Amino acid sequence: MTFSLALTDDHITLRDWAHEFAEKTIRPAAAEYDESEETPWPVLQEAAKAGLYGFEIMSNLREDETGQSFPILTEELFWGDGGIGLAIMGTGLAAAGIAAAGTLEQIIEWVPQCYGSADDVKVAGFCSSEPEAGSDVANMRTTAKYDEASDEWVISGQKAWVTNGGIADVLVVQAVVEPGLGSRGQAAFVLKSDTAGIASPKKLRKHGLHASNTADIFFDDVRVPGSALLGGKEKLDAKIARAKEGRKTGAQAAMATFETTRPTVGAMAIGVARAAYEYALDYAKDRVVFGKPIIENQAISFMLADMATEIDAARLLVRRAAWMGAAKQPFAAAEGSMSKLKAGRVAVWSTERAIQILGGVGYTREYPVERMHRDAKIFDIFEGTEQIQQLVIARAISGVRLT
Ligand SMILES: Cc1cc2nc3c(=O)[nH]c(=O)nc-3n(C[C@H](O)[C@H](O)[C@H](O)COP(=O)(O)OP(=O)(O)OC[C@H]3O[C@@H](n4cnc5c(N)ncnc54)[C@H](O)[C@@H]3O)c2cc1C
């Protein structure tokens, strides 16, 4: 499959379907959930009923050999609203964690449970970050110890900033199984959030993305069956043995997985950036100052020209990286990270410019661009900060082991 920007009929149908949902269902609810900071369960239910949320659509989209379906869907949902967009798409991180590390049986058993059904919608959380291990994943402290007598794992530690952390039904948890080996001594587990010993006392209050639940989760001697280990014990033992001998362990495969998931985060950023740009463009045509619409000033229309160009450039990087992932092309220059880096910066910059174009009203909560600006900042932070993307790209292009 060669890279093409031409959308297939299926892509156009998906885009229009998601756009209509974003326009008619997400947008009218955006300000309300931004203010209340509650989870938009009714919107999630509507999405599930429409077929836009659930195991079926997510696994179907993964089949798209052009790789374009995920960025298309994601951009439209986040064009609707960043917080509600993440409430809908956040479960995908846990589902992707299971799909990447689990056996076929584990994928079949657990991924549908992450989403629930249209009548009983569920969400899932991916727990990697910790207070001392956000960018520095190798510094993880949460442990999982194997109890051979009962064939159980015992998990203890604290996870930080988990999307859906306080409301998830299913959790995917990264933990240290062999101290001293850094990230090569870590493994992933899948479990139900009502397992004894798990607590998530409060959700975090954030700068933006208020409709998306974010919470810390505490694990106090949480016992899970041996079958909770994603990939199984045999595979883990072999990986640990290779790591102890100093051989390769699949860390490169994990990096490649990040390269394939980052374009989807880039598409989220583009959705928010495009929403702000479109709003500012319409406003600039309507707003009359000094007797003429402000768009007739080059200072304003050139800003909009730059916004359009930057958003398009970011989208091209995202679409290319998404295609590379689907086509299993090597990310020789960390093109997945490039796409996320660029799209995050463009989202922050474009939403800020949108406030500038709206002037005073842009700074108020009466208009949506200030919310978009608050929402956009996350794209410089999660799924690898701006600096971590630069580090990954710098390593890829230089071959130097930079730290
Ligand atoms: C809303 C939200 C949702 C999230 N959802 C999840 C989730 O679902 N699951 C999950 O596991 N995590 C999640 N996270 C955590 C997120 O991935 C981390 O916050 C992020 O990886 C950064 O880690 P940190 O906050 O510890 O920052 P730090 O690692 O402490 O970084 C602080 C600053 O130092 C910079 N820095 C660090 N190391 C270097 C270096 N080597 N060179 C240059 N600069 C450096 C960083 O770029 C940053 O600017 C979420 C976070 C937020 C805010």
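Reading the values: rules and limits
- Residues numbered from 1 in each chain as written.
- Predicted model: local features only at pLDDT ≥ 70, side-chain atom pairs only at ≥ 80, totals over all residues.
- Helix = DSSP H or I, 4+ residues; strand = E, 2+ residues; numbered from the N terminus.
- Buried ≥ 20, exposed ≤ 12 C-beta atoms within 10 Å, placed from the backbone.
- Axes fitted to C-alpha atoms, helices over the stretch in contact; angles between N-to-C directions.
- Parallel < 35°, antiparallel > 145°, perpendicular 65-115°, else oblique.
- Contact = placed C-beta atoms within 7 Å.
- Nonpolar A, V, L, I, M, F, W, Y, C, P; charged D, E, K, R; others polar.
- UniProt positions renumbered as here; feature names shortened; annotations may be inferred.
- Near = placed C-beta within 6 Å.
- Domains from an automatic or database assignment.
- Core = buried A, V, L, I, M, F, W, Y, C linked by C-beta atoms within 7 Å.

## Overview of unusual backbone geometry
Trans is the common state for peptide bonds, and a negative phi is the common state for residues other than glycine.
Argument step 1. Even without a glycine there, the phi angle at Leu-209 is positive, about 50 degrees.
Argument step 2. Within the secondary structure layout, Leu-209 lies in the loop between strand E6 (198-199) and strand E7 (214-225).
Argument step 3. We classify Leu-209 as buried; it has 27 C-beta atoms within 10 Å.
Argument step 4. The phi torsion at Lys-328 lies on the positive side, around 55 degrees, for a residue other than glycine.
Argument step 5. Judged by the 8 C-beta atoms lying within 10 Å of it, Lys-328 is exposed.

## With respect to the packing of helix H1 (residues 9-36) against helix H2 (residues 41-50)
Argument step 1. Where H1 contacts H2, the axes come no closer than 11 Å and their chain directions differ by 170 degrees. In terms of orientation, H1 and H2 fall into the roughly antiparallel class. Facing H1, whose interface residues are Phe-21, Thr-25, Ile-26 and Ala-29, H2 presents Val-43, Glu-46, Ala-47 and Ala-50.
Argument step 2. Residue classes in the contact of H1 with H2 are distributed as six nonpolar, one polar and one charged.

## Things to note about the UniProt feature "domain: Acyl-CoA oxidase/dehydrogenase middle" (unreviewed entry) in the chain
Argument step 1. UniProt annotation of "domain: Acyl-CoA oxidase/dehydrogenase middle" (unreviewed entry) refers to residues 126-222 when read in the numbering used here.
Argument step 2. End-to-end, the C-alpha atoms of residues 126-222 are 17 Å apart, and along that stretch the chain is 0% helix and 45% strand.

## Let's talk about the site of the ligand
Argument step 1. Taken together, 22 residues form the shell around the ligand, and within it Ser-129, Gly-134, Ser-135, Thr-385 and Gln-387 come nearest.
Argument step 2. Class assignment of the residues belonging to the shell around the ligand gives a composition of 11 nonpolar, nine polar and two charged.
Argument step 3. Built from parts of two domains, the shell around the ligand gets at least three residues from each of domain 2 (124-244) and domain 3 (251-398).

## Focus: the nonpolar core
Soluble globular proteins tend to pack their nonpolar side chains together in the buried interior.
Argument step 1. Of all hydrophobic cores here, the largest spans 115 residues; its most connected members are Phe-189, Ala-269, Val-272, Ala-273 and Ala-280.
Argument step 2. Once residues lying within four places of it in the same chain are set aside, the contact partners of Ala-269 are Ala-343, Gly-344, Val-346, Ala-347, Ala-376 and Phe-379.

## A look at the environment of Ala-241
Argument step 1. Structurally, Ala-241 can be placed in helix H8 (residues 233-244).
Argument step 2. Along the chain, Ala-241 and Asn-213 lie 28 residues apart, while their C-alpha atoms are 38 Å from each other.

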